Amino acid sequence: MDEVDRLRTGLVEFTRDLVRIPSVNPPGDVSEAAEVLRSKVEALGMEARLVEPRKGRVNVLGELKGRGGGPTLLFNGHTDVVPEGDVALWSVDPFSADVKEGWLYGRGSSDMKGALASIVTAIEAVVNSDLELEGSVAFHGVADEEVGGRFGTRYLARKGMIRADMGVVAEGSVFDGVIALRPSVRGVCWIRLQTMGKAAHASHPAMGVNAVLSMSKLLLALRDLRLDLGHHRYLPDPTLSPGTVIRGGVKTNIIPELCTAEVDARTIPGVSAQMILREVEGVIERLGAEDPSFAAKAEIAASSEPAEISVDHQAVEVARKAAERVVGYEPPLRGGWGSNDSSYLIHDAGVPTICGFGPGDHALSNAHGADEKVRVQELVDFAKIYALMIAAICGGGSVPDC
Ligand SMILES: [Zn+2]
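Residues numbered from 1 in each chain as written. Predicted model: local features only at pLDDT ≥ 70, side-chain atom pairs only at ≥ 80, totals over all residues. Heavy atoms only, no water.

S.K.: What's the story with the packing of aromatic side chains in this structure? I'm lost.
M.R.: Between two aromatic rings, the relevant description is the distance of the centres plus the angle of the planes. Scanning the model with the defined rule gives three aromatic pairs in all. Directly above the ring of W103 sits K373, whose terminal nitrogen or CZ lies 4.8 Å from the centroid. (Phe/Tyr/Trp six-rings, centres within 6.5 Å; stacked < 30°, edge-to-face > 60°. Lys NZ or Arg CZ within 6 Å of the ring centre and 35° of its normal.)

S.K.: Teacher, can you tell me more about the coordination of the zinc ion here?
M.R.: By definition of the ideal shapes, a tetrahedral metal site with four donors has angles of 109.5 degrees and an octahedral site with six donors has angles of 90 or 180 degrees. At the metal site, the zinc ion is ligated by H78 (NE2), D111 (OD), E171 (OE) and E171 (OE), and these contacts range over 1.9 to 2.5 Å. Between the four donor atoms coordinating the zinc ion, the angles at the centre fall across 55 to 142 degrees, so the site counts as irregular. All donor residues of the zinc ion come from one chain, and their arrangement in sequence is H-x32-D-x59-E. Remark: E171 occurs in the loop between β7 (166–169) and β8 (174–175) and H78 occurs in strand β3 (residues 72–78); sequence separation between them is 93 residues. (Donors = N, O, S within 2.8 Å, 3.2 Å for Na, K, Ca; no water. Tetrahedral: all angles 85-135°; square planar, octahedral: opposite > 155°, others 65-115°. Helix = DSSP H or I, 4+ residues; strand = E, 2+ residues; numbered from the N terminus.)

S.K.: Looking at this structure, how should I read the state of the cysteines?
M.R.: Such a bond, covalent and formed between the sulfur atoms of two cysteines, is termed a disulfide. With the rule as written, the count across this model stands at zero disulfides. You can see C189 has no disulfide; the closest cysteine sulfur is in C355, sitting 19 Å from it. Accessibility expressed as a relative area gives 0% for C189, which makes it buried. Free of any disulfide, C259 has its nearest cysteine sulfur in C189, 19 Å distant. Residue classification places C259 among the buried positions, given a relative accessible area of 0%. (Disulfide = S-S within 2.5 Å. Buried < 20%, exposed > 50% of the residue type's maximum accessible area, 1.4 Å probe, protein only.)

S.K.: I keep staring at the sheet that holds strand β16 (residues 296–304) and nothing clicks. Help me out?
M.R.: Strand pairing in a sheet relies on backbone hydrogen bonds. The paired strands run either parallel or antiparallel. Ordered by their spatial adjacency, four strands build an open sheet running β13-β15-β11-β16, and the pairing between neighbours is antiparallel. Two strands close off the open sheet at either side, each with one partner strand: β13 (239–248) and β16. Neighbour-to-neighbour, the strand axes of this sheet turn through a mean angle of 20 degrees, independent of strand direction. Two strands pair when backbone bridges link them, and strand β11 (residues 187–196) and β16 are joined in this way by eight bridges, in the antiparallel orientation. By the bridge assignment for β16, I191 is matched with I300. Helix α6 (residues 211–223) rests against β11, β13, β15 (258–267) and β16 of the sheet, and its axis sits at about 145 degrees to β11. (Pairing = 2+ DSSP bridges. Axes fitted to C-alpha atoms, helices over the stretch in contact; angles between N-to-C directions. Contact = heavy atoms within 4.5 Å.)

These figures capture arrangement, not role.
Next comes the structure, spelled out in structure tokens:
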């Protein structure tokens with residue numbers, strides 16, 4: 001922990017270096033951020049390997065090898081960030097990484113370049129402390145998380161490139177200044193809707209069926225749909241956001257015959273994408289029964305499963321003890337609203353994984369919004385927590401006294 005304090009300036013500067021690289025997704029080229037990570041982990045004496053399944057989607061796989069005989073602990077974080085949005089809404093340059101009153105600003109600061117810097121600093125502190133490790137530490141700085149992980153964690157998991165005994169996805173888990181631990185994560189189900197109408201001259205609307213109006217009706221009906229699919233101990237109930245995208249019509253004087261729209265749904269363990277689709281289809285059937293001119297169909301465009309780790313797992317126990325040692329309280333178990341790469345680690349790679357444990361405040365950081373920021377103290381706290389986790393899991397089984 002003292003070593004992390006000594007590395008504090010370097011931790012902040014490394015976060016700023018990463019934030020200043022606009023690794024925005026789309027388009028998703030993270031090669032520059034990956035290169036910065038690669039040279040850093042190599043400087044720490046780790047083996048580094050680059051995996052680039054698509055041009056610019058560079059994944060950095062680092063490993064600090066232990067003596068052998070102990071488990072491998074994986075830390076996962078993504079290098080891509082969402083676009084900055086309307087710059088006029090920011091009070092700072094989204095990529096200048098300004099530090100003001102204890103907060104570090106910039107796109108990706110809380111989601112999740114600060115976490116990447118905390119992980120690297122934890123490993124650096126462990127290396128500098130000459131701890132004897134039996135187990136190994138793996139660090140994956142991945143691409144593509146913000147668009148679903150196809151060329152990032154999902155790719156690595158499905159190609160068998162992830163070997164670890166347990167993992168941590170270092171996504172934000174701070175709620176209003178309180179460090180929590182997310183043992184579970186919601187799944188995603190994206191549904192594509194299409195309404196079918198009948199084209200006609202707009203001067204004679206009764207001759208046609210307006211597919212855009214049919215879609216409007218469908219989206220409003222989905223907005224009012226009450227999903228009753230069960231509850232989860234830590235996660236918010238399943239949600240449906242109909243009409244996040246809509247496309248229809250070609251010309252002002254033509255009644256549109258087709259309209260497509262998209263729905264974002266989030267699932268919890270026990271609720272599948274198919275169950276969500278059936279709910280949507282039920283609404284389509286009801287509207288069709290009420291109005292014979294209404295015609296629509298729905299299909300699943302993409303999905304990832306919800307995931308969870310047992311709260312009795314060693315990784316969870318050690319993480320909570322380590323946090324208590326650093327911040328003085330045992331982090332509560334909580335669920336976030338979003339989804340992340342832990343789904344692929346758990347389901348595709350078979351690695352029991354904490355679904356969110358890292359800097360980034362769900363109430364205050366405004367991830368994905370203007371003036372995104374992360375508390376510098378959180379970066380330091382998590383670097384210490386991760387270092388203690390490495391010492392405990394890879395070095396002998398208990399959180400060391402400090
Ligand atoms: Zn993220």
